[in-house]
Amino acid sequence: MTRNNCAIRNALLAASMLVSPAFAADVTPERLLNPDKEPQNWLMNHRTYDGQRFSPLARINRDNVKGLKLAYAVPLAGTQGKEFIEATPLAEDGFLYITDSWGVLYKIDTTAGDAGRIVWRMDPKQSRQAANRGAALWGNLVISPSSGPARIIATDKNSGQVAWDTNVSDAEKITITGAPLPIRDKIIIGASGGDGGARDWMAALDAATGKLLWPKYTIPAPGEPGSETWKDKNNAWQTGGGAVWVTGTYDPDTNQTL
(Lines give C-alpha, C1' and ligand atoms only; values in the text may rest on other atoms or scores of the structure.)
Protein backbone atom coordinates (compact mmCIF):
# COMPACT_ATOMS: atom_id res chain seq x y z
CA MET A 1 0.00 0.00 0.00
CA THR A 2 1.40 3.43 -0.97
CA ARG A 3 1.93 6.14 1.59
CA ASN A 4 -0.93 8.17 0.08
CA ASN A 5 -3.32 5.25 0.13
CA CYS A 6 -2.33 4.45 3.72
CA ALA A 7 -2.96 8.06 4.72
CA ILE A 8 -6.35 8.05 3.00
CA ARG A 9 -7.31 4.79 4.71
CA ASN A 10 -6.29 6.11 8.11
CA ALA A 11 -8.16 9.35 7.56
CA LEU A 12 -11.33 7.53 6.56
CA LEU A 13 -11.03 5.20 9.54
CA ALA A 14 -10.57 8.11 11.92
CA ALA A 15 -13.51 9.95 10.39
CA SER A 16 -15.76 6.93 10.65
CA MET A 17 -14.85 6.54 14.32
CA LEU A 18 -15.76 10.15 14.93
CA VAL A 19 -19.07 10.31 13.10
CA SER A 20 -20.48 6.82 13.47
CA PRO A 21 -21.98 7.40 16.97
CA ALA A 22 -23.97 10.34 15.57
CA PHE A 23 -25.66 8.02 13.12
CA ALA A 24 -26.74 5.47 15.75
CA ALA A 25 -30.46 5.19 15.14
CA ASP A 26 -32.90 5.93 17.94
CA VAL A 27 -34.85 2.95 19.23
CA THR A 28 -38.40 4.04 18.42
CA PRO A 29 -41.72 2.46 19.41
CA GLU A 30 -42.08 1.42 15.77
CA ARG A 31 -38.83 -0.54 15.89
CA LEU A 32 -39.86 -2.28 19.10
CA LEU A 33 -43.22 -3.20 17.58
CA ASN A 34 -41.58 -4.66 14.45
CA PRO A 35 -38.54 -6.71 15.53
CA ASP A 36 -38.75 -9.04 12.51
CA LYS A 37 -37.70 -6.15 10.28
CA GLU A 38 -34.26 -6.29 11.89
CA PRO A 39 -33.72 -9.92 12.97
CA GLN A 40 -30.00 -9.28 13.52
CA ASN A 41 -30.89 -7.14 16.55
CA TRP A 42 -32.33 -7.96 19.97
CA LEU A 43 -33.74 -4.66 21.21
CA MET A 44 -35.82 -5.81 24.20
CA ASN A 45 -35.40 -8.25 27.05
CA HIS A 46 -37.79 -10.76 25.42
CA ARG A 47 -37.09 -9.47 21.88
CA THR A 48 -40.84 -9.26 21.23
CA TYR A 49 -43.65 -7.83 23.33
CA ASP A 50 -45.36 -11.24 23.57
CA GLY A 51 -42.36 -12.64 25.44
CA GLN A 52 -41.72 -15.62 23.15
CA ARG A 53 -37.95 -15.00 22.97
CA PHE A 54 -37.74 -16.65 19.55
CA SER A 55 -35.11 -15.57 17.04
CA PRO A 56 -35.90 -16.06 13.33
CA LEU A 57 -32.19 -16.29 12.50
CA ALA A 58 -31.34 -19.67 10.99
CA ARG A 59 -27.57 -19.64 10.56
CA ILE A 60 -27.27 -21.79 13.69
CA ASN A 61 -29.55 -24.80 13.52
CA ARG A 62 -29.93 -28.32 14.91
CA ASP A 63 -27.53 -29.70 12.34
CA ASN A 64 -24.57 -27.42 13.02
CA VAL A 65 -25.05 -26.41 16.65
CA LYS A 66 -22.66 -29.18 17.72
CA GLY A 67 -19.86 -27.28 16.01
CA LEU A 68 -20.17 -24.15 18.13
CA LYS A 69 -17.03 -23.11 19.99
CA LEU A 70 -15.86 -20.10 21.95
CA ALA A 71 -14.80 -17.26 19.66
CA TYR A 72 -13.74 -14.81 22.38
CA ALA A 73 -14.62 -13.73 25.92
CA VAL A 74 -15.00 -10.30 27.49
CA PRO A 75 -14.31 -10.18 31.26
CA LEU A 76 -16.83 -8.15 33.26
CA ALA A 77 -16.86 -7.03 36.89
CA GLY A 78 -14.38 -9.13 38.91
CA THR A 79 -13.60 -6.67 41.70
CA GLN A 80 -15.69 -7.94 44.61
CA GLY A 81 -15.94 -11.71 44.21
CA LYS A 82 -18.98 -13.97 43.95
CA GLU A 83 -20.35 -11.82 41.15
CA PHE A 84 -22.87 -13.15 38.68
CA ILE A 85 -24.72 -12.16 35.53
CA GLU A 86 -28.42 -12.88 34.99
CA ALA A 87 -29.03 -10.27 32.30
CA THR A 88 -30.15 -10.89 28.74
CA PRO A 89 -27.79 -8.92 26.48
CA LEU A 90 -29.40 -6.40 24.15
CA ALA A 91 -27.93 -6.30 20.65
CA GLU A 92 -28.07 -3.41 18.22
CA ASP A 93 -25.99 -3.19 15.06
CA GLY A 94 -22.96 -4.99 16.47
CA PHE A 95 -23.04 -3.54 19.97
CA LEU A 96 -24.13 -5.34 23.14
CA TYR A 97 -25.58 -3.80 26.30
CA ILE A 98 -25.52 -5.87 29.49
CA THR A 99 -25.58 -5.41 33.28
CA ASP A 100 -23.85 -7.27 36.08
CA SER A 101 -24.82 -7.98 39.70
CA TRP A 102 -23.53 -4.57 40.83
CA GLY A 103 -25.85 -2.85 38.37
CA VAL A 104 -22.91 -1.82 36.19
CA LEU A 105 -24.01 -1.29 32.60
CA TYR A 106 -21.59 -2.13 29.79
CA LYS A 107 -21.54 -1.28 26.10
CA ILE A 108 -19.48 -3.82 24.17
CA ASP A 109 -18.33 -3.45 20.57
CA THR A 110 -18.50 -6.85 18.81
CA THR A 111 -18.19 -5.58 15.24
CA ALA A 112 -14.68 -7.05 14.83
CA GLY A 113 -16.12 -10.57 14.96
CA ASP A 114 -13.13 -12.09 16.74
CA ALA A 115 -12.89 -9.84 19.82
CA GLY A 116 -15.10 -7.75 22.07
CA ARG A 117 -14.16 -4.28 23.29
CA ILE A 118 -15.81 -2.45 26.18
CA VAL A 119 -16.74 0.97 24.81
CA TRP A 120 -17.93 2.37 28.13
CA ARG A 121 -19.25 1.27 31.51
CA MET A 122 -21.75 3.09 33.68
CA ASP A 123 -21.29 2.31 37.40
CA PRO A 124 -24.31 3.32 39.51
CA LYS A 125 -22.30 2.83 42.73
CA GLN A 126 -24.74 0.24 44.01
CA SER A 127 -24.45 -0.51 47.75
CA ARG A 128 -24.79 -4.28 47.43
CA GLN A 129 -25.03 -7.06 44.88
CA ALA A 130 -28.49 -7.98 43.60
CA ALA A 131 -30.04 -9.86 40.74
CA ASN A 132 -30.16 -7.68 37.65
CA ARG A 133 -31.78 -9.05 34.51
CA GLY A 134 -30.79 -6.35 32.10
CA ALA A 135 -31.61 -3.08 30.43
CA ALA A 136 -33.97 -1.52 27.91
CA LEU A 137 -33.34 0.61 24.82
CA TRP A 138 -35.44 3.69 24.19
CA GLY A 139 -34.53 6.57 21.90
CA ASN A 140 -30.80 7.13 22.36
CA LEU A 141 -30.91 5.85 25.95
CA VAL A 142 -30.03 2.59 27.66
CA ILE A 143 -32.26 2.30 30.73
CA SER A 144 -31.17 0.00 33.54
CA PRO A 145 -32.10 -0.76 37.17
CA SER A 146 -30.00 -0.45 40.29
CA SER A 147 -30.74 -1.56 43.84
CA GLY A 148 -29.80 -0.33 47.30
CA PRO A 149 -31.61 2.07 46.99
CA ALA A 150 -33.89 1.14 44.11
CA ARG A 151 -33.20 3.39 41.13
CA ILE A 152 -33.74 3.53 37.38
CA ILE A 153 -30.94 5.11 35.37
CA ALA A 154 -30.87 6.26 31.75
CA THR A 155 -27.49 6.32 30.01
CA ASP A 156 -26.75 7.92 26.65
CA LYS A 157 -25.88 4.95 24.46
CA ASN A 158 -23.26 6.87 22.49
CA SER A 159 -21.39 8.74 25.20
CA GLY A 160 -22.02 6.55 28.24
CA GLN A 161 -23.07 9.61 30.25
CA VAL A 162 -26.05 9.44 32.62
CA ALA A 163 -29.06 11.33 31.22
CA TRP A 164 -31.31 10.87 34.25
CA ASP A 165 -31.31 8.95 37.52
CA THR A 166 -34.58 8.34 39.39
CA ASN A 167 -34.84 6.98 42.92
CA VAL A 168 -38.03 4.88 42.98
CA SER A 169 -37.84 3.58 46.57
CA ASP A 170 -35.77 4.03 49.72
CA ALA A 171 -37.21 0.88 51.31
CA GLU A 172 -34.36 -1.48 52.18
CA LYS A 173 -36.35 -4.56 51.13
CA ILE A 174 -37.21 -3.26 47.65
CA THR A 175 -35.00 -4.17 44.70
CA ILE A 176 -35.51 -3.77 40.97
CA THR A 177 -34.38 -7.02 39.37
CA GLY A 178 -36.32 -7.21 36.09
CA ALA A 179 -35.23 -5.43 32.93
CA PRO A 180 -37.40 -2.34 32.29
CA LEU A 181 -40.10 -2.63 29.63
CA PRO A 182 -40.33 0.31 27.19
CA ILE A 183 -43.89 1.01 25.98
CA ARG A 184 -44.43 4.03 23.76
CA ASP A 185 -43.14 7.00 25.81
CA LYS A 186 -43.09 5.17 29.13
CA ILE A 187 -40.80 2.78 30.97
CA ILE A 188 -42.58 0.09 32.99
CA ILE A 189 -40.77 -1.35 36.01
CA GLY A 190 -41.63 -3.70 38.85
CA ALA A 191 -40.47 -4.06 42.45
CA SER A 192 -39.02 -7.20 43.98
CA GLY A 193 -38.52 -8.12 47.61
CA GLY A 194 -41.78 -9.90 48.35
CA ASP A 195 -39.95 -12.87 49.79
CA GLY A 196 -38.52 -10.50 52.37
CA GLY A 197 -41.86 -9.06 53.40
CA ALA A 198 -42.15 -6.10 51.03
CA ARG A 199 -45.41 -4.91 49.52
CA ASP A 200 -44.50 -4.82 45.86
CA TRP A 201 -45.70 -2.66 42.99
CA MET A 202 -45.49 -1.75 39.31
CA ALA A 203 -44.73 1.75 38.10
CA ALA A 204 -44.37 3.85 34.97
CA LEU A 205 -41.70 6.46 34.34
CA ASP A 206 -41.54 9.07 31.63
CA ALA A 207 -38.91 7.66 29.29
CA ALA A 208 -37.45 11.04 28.32
CA THR A 209 -37.10 12.53 31.81
CA GLY A 210 -37.35 9.64 34.30
CA LYS A 211 -40.24 11.32 36.13
CA LEU A 212 -42.33 8.82 38.10
CA LEU A 213 -45.81 8.90 36.54
CA TRP A 214 -47.70 6.32 38.56
CA PRO A 215 -47.22 3.36 40.89
CA LYS A 216 -49.66 0.49 41.32
CA TYR A 217 -49.41 -1.92 44.24
CA THR A 218 -49.79 -5.56 43.31
CA ILE A 219 -51.39 -6.38 46.69
CA PRO A 220 -54.59 -4.38 47.31
CA ALA A 221 -55.20 -2.45 50.51
CA PRO A 222 -58.59 -2.75 52.28
CA GLY A 223 -61.29 -1.28 50.08
CA GLU A 224 -59.30 -1.58 46.85
CA PRO A 225 -60.37 -4.00 44.09
CA GLY A 226 -59.29 -7.52 45.01
CA SER A 227 -58.94 -6.78 48.70
CA GLU A 228 -61.82 -9.16 49.41
CA THR A 229 -59.49 -12.03 48.58
CA TRP A 230 -57.24 -11.14 51.54
CA LYS A 231 -59.40 -12.25 54.45
CA ASP A 232 -57.36 -12.18 57.63
CA LYS A 233 -56.96 -10.10 60.77
CA ASN A 234 -53.22 -9.66 60.49
CA ASN A 235 -53.01 -6.98 57.77
CA ALA A 236 -51.11 -9.43 55.57
CA TRP A 237 -51.58 -7.11 52.60
CA GLN A 238 -48.88 -4.84 54.05
CA THR A 239 -46.24 -7.56 53.65
CA GLY A 240 -48.05 -9.75 51.13
CA GLY A 241 -45.36 -9.92 48.48
CA GLY A 242 -46.58 -9.87 44.88
CA ALA A 243 -43.09 -9.33 43.51
CA VAL A 244 -42.63 -8.25 39.90
CA TRP A 245 -39.17 -9.73 39.53
CA VAL A 246 -39.12 -10.43 35.79
CA THR A 247 -39.97 -8.34 32.74
CA GLY A 248 -43.59 -8.43 31.71
CA THR A 249 -45.27 -8.55 28.32
CA TYR A 250 -47.40 -6.09 26.38
CA ASP A 251 -50.37 -6.34 24.04
CA PRO A 252 -50.40 -3.40 21.60
CA ASP A 253 -53.97 -4.11 20.48
CA THR A 254 -55.43 -3.65 23.97
CA ASN A 255 -52.65 -1.42 25.34
CA GLN A 256 -52.29 -3.71 28.35
CA THR A 257 -49.20 -4.99 30.10
CA LEU A 258 -48.90 -7.89 32.53
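Preceding block: the structure.
Asker: Would you mind showing me how to read the sheet that holds strand E2 (residues 95-99) here?
Answerer: For sheets, the rule is that strands pair by backbone hydrogen bonds, running either parallel or antiparallel. Pairing is antiparallel across the open sheet formed by four strands, whose spatial order is E1-E2-E3-E4. Edge positions in the sheet fall to strand E1 (90-92) and strand E4 (117-122), since each of these pairs with one other strand and no more. On average, each strand axis in the sheet is tilted by 20° relative to the strand beside it, whichever way the strands run. Pairing of strand E3 (residues 105-109) with E4 involves five bridges; the strand directions are antiparallel. Paired with Asp109 across the strands is Arg117, a residue of E4.

Asker: Can you walk me through the side chain of Thr177 in this structure?
Answerer: When you line up the elements, Thr177 lands in the loop between strand E8 (162-169) and strand E9 (181-183). Taking the relative accessible area as the measure of exposure, Thr177 reaches 7% and is therefore buried. Only 3.0 Å separates the side chain of Thr177 from the backbone oxygen of Trp245, close enough to count as a polar contact. Contact partners of Thr177, with chain neighbours within four places excluded, come to Ala131, Asn132, Arg133, Ser192 and Trp245.

Thresholds, definitions, all that
- Residues numbered from 1 in each chain as written.
- Predicted model: local features only at pLDDT ≥ 70, side-chain atom pairs only at ≥ 80, totals over all residues.
- Heavy atoms only, no water.
- Pairing = 2+ DSSP bridges.
- Helix = DSSP H or I, 4+ residues; strand = E, 2+ residues; numbered from the N terminus.
- Axes fitted to C-alpha atoms, helices over the stretch in contact; angles between N-to-C directions.
- Buried < 20%, exposed > 50% of the residue type's maximum accessible area, 1.4 Å probe, protein only.
- Polar contact = N/O pair within 3.5 Å; in protein donor to acceptor, adjacent residues only side chain to side chain.
- Contact = heavy atoms within 4.5 Å.

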